[in-house]
Amino acid sequence: MAGDVKKRIEQLRREIRRHDHLYYVLSQPEITDQQYDELFSQLKALEAQHPDLVTPDSPTQRVSGRPLEGFATVRHAVPMLSMDNTYNADELRAFDERVRKQLDTADYSYVVEPKIDGLAISLRYEDGRLVTAATRGDGEVGDDVTANVRTIKSVPLSLIDGARVPSVLEVRGEAYMPTRSFAALNEARAESGEPPFANPRNAAAGSLKLLDARITATRNLAFFAYATGAVSQPLAGDHFQTLERFKELGLPVNPHIERAGDIDEVIDTCLSWSERRTRLDYQIDGMVVKINRFDQRDILGATGRAPRWCISYKFPAERAQTVVESIAVQVGKSGILTPVANLKPVQLSGTTVKRASLHNFDEMQRLDVRTGDTVLIEKAGEIIPQVVEVKKDLRPKGAQTFPIPKKCPICGSHVTKDEAGVYVRCRNPQCQGQLKERLRYFAGRDQMDIERLGTSLIEQLVDGGLVKSFADLYRLQKEDLVALERMADKSAQNVLDGIEASRTRPLWRFLAALGIPHVGSQSGQVLAEHFGSLEALLGASQEQLEAIDQIGPVMAESIHTYLHSTGSRAVIDDLLAVGVQPQVESRRRRSGALEGKTVVVTGALENFTRQQAEQAIRQAAGKASGSVSKKTSFVLAGKDPGSKLDKARALGVDVIDEKQFMDMLLNEGK
Ligand code: IVH
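Report follows, based on the coordinates. (Residues numbered from 1 in each chain as written. Predicted model: local features only at pLDDT ≥ 70, side-chain atom pairs only at ≥ 80, totals over all residues. Heavy atoms only, no water.)

**Brief notes about the overall build of the chain**
So, point 1. Each helix and strand counted, the chain has 25 helices and 24 strands in total.
So, point 2. For 670 residues, the compact-globule estimate of 2.2 N^0.38 gives 26 Å, and the chain sits close to it at 28 Å.
So, point 3. A principal-axis box enclosing the C-alpha atoms of the chain has dimensions of 80 × 65 × 60 Å.
So, point 4. At a minimum sequence separation of 6, the contacts of the chain that also span at least 24 residues come to 68%.
So, point 5. Averaging the locations of the 88 positively and 91 negatively charged side chains of the chain gives two centres separated by 1 Å. (Helix = DSSP H or I, 4+ residues; strand = E, 2+ residues; numbered from the N terminus. Rg over C-alpha atoms; globule rule 2.2 N^0.38 Å. Contact = heavy atoms within 4.5 Å. Lys, Arg positive; Asp, Glu negative; His and termini not counted. Charge placed at Lys NZ, Arg CZ, Asp CG, Glu CD.)

Here's what the structure looks like:
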């Protein structure tokens, strides 16, 4: 009887997995949603009656029940590199020249594939079961996002049986958010007063960094596999066959991947996708061009962060045509006045665009943008759209130029133009327009990350005189909030909880939130890591700041000036006085498991090519050397090691095998 139940459960799981694969990977469903739901509830019911029979790879176990406290880190056994970019056919040809020269033959071919605009993920399967999923992170160490990745329906929790699965198989690919899901998500966020994501990539990244996988599960993420990481046995000798094997294993592979015999074919394919890409239901920002054969990839190797065997071709930014309905002026957090074009709404890269920046008044005059003009707008990366061209031939008669303001549109004080600069600025430190922007930035996702403190609430708080500074946020009482329009008791509490939680944000967020000119979250992290405390930073001289790698003289001066101006110090002291306590995170160790060690690799390894092993040694702070000497710390020997092993033995140098090597690297990650 118990055996029958077990059999039935396994049968149901097989069925459901098959239908998941048909639906999410192949887009060829064979049954209706209702029939699928029926199978699923049968399985759920049986598992509920027999909890001992529940296994982690059961289709019912995609979503875990409890939020995580934080993400563990994972050290990638094979580093996740980045890619060099090209922007036109000439640069692609130059890449091909370099390849031909280095391979010293014309006998090679390419694979061309869409460059999916999401984020890189490494999936580790052991004996066919998904055990870990990690983000790329800095390429060496990423976040363990297994719970979240398990909710992506096109990621198989177990690979298809009987397809000769290697015992260890790391699959690398891109997690992304389909354009339609992205639009729906942003619409829902707008309705609930949450800030929209700038693009599907940010939305995908944000969704994978959630601590509660139940929310990730609602985000409709998807995945395409495009490479292997560490493997106990290579799936094939070249890339194209590897992708074919991925498909056999049930992994989703992009259907538009093509082989190209030479660079002309590569260029044709890349250029043709520049037009065709808008028809896809996910965003691609270019094409990736890869040498097909792995032995040839090994010869080409890698430079620093990127392999020499692949290159990306980036599409020119997408453009759209629309009409300027009016021109308005915005006041930024440092008082800069920016002209903004209000547009007739138009679709661009998956979002509806209603406004575009004109950058500054000089630029507005250079473009000669006027109300009523037909313009081309462009979205470059994550930056808000900008007007790039005015269609003068379509200009309506009598279209008026927009005058450069003499007064701040918010506070009415006189504005001045920066010396030598192009910016027109409101210099009134009490300007409410500036204050609102500063608060918005302070509460932003990359700064203090105060949930539910959105634009309209900030407007109300400032307009109502409740908040005149950052610190005032922490003085808010529930009575203040419930008195506001459309603010129920529960929402008021949520706002207060969000503010409360931000009291103990990491120091780098605190530094980024202050709005010090030139200092963002990146430099905030550099400063926090370098000084370790706010006090230490406050005591730093300009020279000490300049001496830090990644802090240039302009930034050093800006930080120093800010920290030593009476007004800014009062802002900081006030925040500390209301109980904000920036936390110092324990520093991530920059050193590695192989620090100070010189390692020689010899023979054939199972999980790494020679190049990859040497890369892993360097990533772990070791030195990879080509020849054995007394200075060699140890030799990593694979199959058929040859004379280097003999020499190591003769010199009494330690020899380790691949397993010991992997252990060394992995222990480091813990
Ligand atoms: S191959 C050595 N193939 O692009 C890099 N990457 O700019 C191997 N990406 O971090 C990556 N689509 O996140 C590869 N078809 C594709 C890709 C792809 C998107 C991303 C990936 C990588 C980034 C590099």
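**Re the nonpolar core**
So, point 1. Counting residues in hydrophobic clusters, the biggest one holds 52 residues, and the most contacted among them are Leu473, Tyr474 and Phe510.
So, point 2. With residues up to four places along the chain from it excluded, the contact list for tyrosine 474 reads Phe442, Met448, Ile450, Ile499, Ser502, Arg503, Leu575, Val578 and Val580.
So, point 3. In this structure, Leu185, Leu235, Leu249 and Val253 belong to the second largest nonpolar core, which totals 35 residues. (Core = buried A, V, L, I, M, F, W, Y, C linked by side-chain atoms within 4.5 Å. Buried < 20%, exposed > 50% of the residue type's maximum accessible area, 1.4 Å probe, protein only.)

**A look at the site of the ligand**
So, point 1. Around the ligand, the structure places 13 residues, and the nearest of them are Glu113, Ile116, Glu174, Tyr226 and Lys290.
So, point 2. A distance of 3.2 Å is found between a nitrogen atom of the ligand and a backbone nitrogen or oxygen belonging to proline 114.
So, point 3. A distance of 2.6 Å separates an oxygen atom of the ligand from a polar atom in the side chain of glutamate 174.
So, point 4. Contributions of two or more residues to the shell around the ligand are made by strand E3 (110-116) and strand E10 (284-291).
So, point 5. It is E3 that provides the largest number of residues to the shell around the ligand, a total of four residues.
So, point 6. Partitioning the shell around the ligand into residue classes produces eight nonpolar, one polar and four charged. (Near = heavy atom within 4 Å. Polar contact = N/O pair within 3.5 Å; in protein donor to acceptor, adjacent residues only side chain to side chain. Nonpolar A, V, L, I, M, F, W, Y, C, P; charged D, E, K, R; others polar.)

**Digging into the layout of surface pockets**
So, point 1. Taken as a whole, the second largest pocket encloses approximately 810 Å³ of empty space.
So, point 2. Lining the second largest pocket are 30 residues, with Tyr23, Tyr24, Ser27, Tyr176 and Ala222 sitting closest to its centre.
So, point 3. For the lining of the second largest pocket, the elements supplying multiple residues, two or more each, are helix H1 (2-25), helix H5 (179-191) and strand E8 (222-231).
So, point 4. For the lining of the second largest pocket, the element with the highest residue contribution is H1, accounting for four residues. (1 Å grid on protein atoms, 1.4 Å probe; cavity = no way out; pocket = protein on both sides within 12 Å on 5 of 7 lines; lining within 4 Å. Points joined across faces, edges and corners; volume = space filled by probe spheres on them.)

**As for the environment of threonine 602**
So, point 1. Of note, threonine 602 is situated in strand E21 (residues 598-602).
So, point 2. Between the C-alpha atoms of threonine 602 and alanine 637, which are 35 residues apart in sequence, the distance is 5.0 Å.
So, point 3. Non-local contacts of threonine 602, meaning those with residues more than four positions away in its chain, are made with Val635, Leu636, Ala637, Gly638, Pro641 and Lys644.

**Overview of helix H12 (residues 432-442)**
So, point 1. Of the residues making up H12, those classed as buried are Gly433, Gln434, Leu435, Lys436, Leu439 and Phe442.
So, point 2. If you follow the buried residues of H12, they end up packed against strand E14 (319-331), strand E20 (424-426), helix H13 (455-463), helix H14 (470-473), helix H17 (507-513) and helix H22 (566-577).

**Thoughts on the pattern of salt bridges**
Two side chains with opposite charge may pair up if their charged atoms get near one another.
So, point 1. In this structure the tally under the stated criterion is 36 salt bridges.
So, point 2. When the shortest N-O distance is used, the salt bridge between glutamate 378 and arginine 319 registers 2.8 Å. Of the two residues, glutamate 378 sits in strand E17 (residues 374-378) while arginine 319 sits in strand E14, which places them 59 residues apart along the sequence.
So, point 3. You can call glutamate 378 buried: its relative accessible area is 15%.
So, point 4. Between arginine 395 and aspartate 368 there is a salt bridge; the shortest N-O distance is 3.2 Å. (Salt bridge = Lys/Arg side-chain N within 4 Å of Asp/Glu carboxyl O.)

**Some thoughts on the side chain of histidine 239**
So, point 1. With respect to the secondary-structure elements, histidine 239 resides in helix H8 (residues 239-248).
So, point 2. Other than its neighbours up to four places away in sequence, histidine 239 contacts Val111, Glu113, Tyr226, Lys290, Asn292, Phe294 and Arg297.

**Observations regarding the environment of proline 641**
So, point 1. Along the polypeptide, proline 641 turns up in the loop between strand E23 (634-637) and helix H24 (643-651).
So, point 2. With 40 residues separating them in the primary sequence, proline 641 and valine 601 have C-alpha atoms 8.8 Å apart.

**Quick look at the pairing of strand E13 (residues 310-314)**
So, point 1. Here E13 lies mainly inside the structure; five of its five residues are buried.
So, point 2. In E13, alternate side chains face the same way, and those of Cys310, Ser312 and Lys314 on one face and Ile311 and Tyr313 on the other are all buried.
So, point 3. Strand direction decides the pairing type here: strand E2 (residues 85-86) and E13, joined by two bridges, are parallel. Residue pairing for E13: asparagine 85 is matched across the bridge by serine 312.
So, point 4. The pairing of E10 with E13 spans five bridges and is classified as antiparallel. For valine 289, the partnering residue across the bridge sits in E13 and is isoleucine 311. (Pairing = 2+ DSSP bridges.)

**A closer look at a negative patch on the surface**
So, point 1. A cluster of acidic side chains, namely Glu258, Asp262, Glu265 and Asp268, defines a negative patch on the protein surface.
So, point 2. By secondary structure assignment, the location of glutamate 265 is in helix H9 (residues 263-276). (Patch = residues over 30% accessible without salt bridge, like charges linked within 9 Å, V, L, I, M, F, W, Y side chains within 5 Å. Areas by Shrake-Rupley, 256 points an atom, 1.4 Å probe, with all protein chains shown as cover.)

**Quick word on the sheet that holds strand E5 (residues 129-135)**
So, point 1. Here four strands make up an open sheet; going across it, the order is E5-E4-E7-E8 and the pairing antiparallel. If you trace the sheet from one side to the other, it starts and ends with E5 and E8, each paired once. Looking at each pair of strands side by side, their axes are set apart by 30 degrees on average, direction ignored.
So, point 2. Of the strand pairs in this sheet, strand E7 (residues 168-176) and E8 are connected by seven bridges, and their pairing is antiparallel. When the bridges of E8 are listed, tyrosine 176 appears paired with alanine 222.
So, point 3. Sitting on the sheet, helix H6 (residues 200-208) touches strand E4 (119-126) and E7, and the angle it makes with E4 is about 40 degrees.
So, point 4. Contacting E7 and E8, H8 crosses the sheet at an angle of about 115 degrees to E8. (Axes fitted to C-alpha atoms, helices over the stretch in contact; angles between N-to-C directions.)

**Some remarks on the packing of helix H3 (residues 89-103) against H9**
So, point 1. In contact at an axis separation of 10 Å, H3 and H9 are set at 145 degrees when each is read in the N-to-C sense. As for how H3 packs across H9, the hand of that crossing is right-handed. Here Ala89, Leu92, Arg93 and Asp96 of H3 lie close against H9, whose contacting residues are Ile263, Asp264, Ile267 and Cys270.
So, point 2. Considered class by class, the residues forming the contact of H3 with H9 number five nonpolar, no polar and three charged. (Left-handed = near helix turned anticlockwise from the far one by under 90°.)

**Observations regarding the packing of aromatic side chains**
So, point 1. Evaluation of the coordinates by the stated rule reveals nine aromatic pairs.
So, point 2. Ring geometry for phenylalanine 442 against phenylalanine 470: centres 4.3 Å apart, planes inclined by 15 degrees, an arrangement best described as stacked. Remark: phenylalanine 470 occurs in helix H14 and phenylalanine 442 occurs in helix H12; sequence separation between them is 28 residues. Assigned by exposure class, phenylalanine 442 and phenylalanine 470 land together as buried.
So, point 3. Stacked on the ring of phenylalanine 240, the Lys or Arg arginine 259 has its end atom at 4.0 Å from the ring centre.
So, point 4. The side chain of arginine 276 reaches across the aromatic face of tryptophan 273, ending 4.0 Å from its centre. (Phe/Tyr/Trp six-rings, centres within 6.5 Å; stacked < 30°, edge-to-face > 60°. Lys NZ or Arg CZ within 6 Å of the ring centre and 35° of its normal.)

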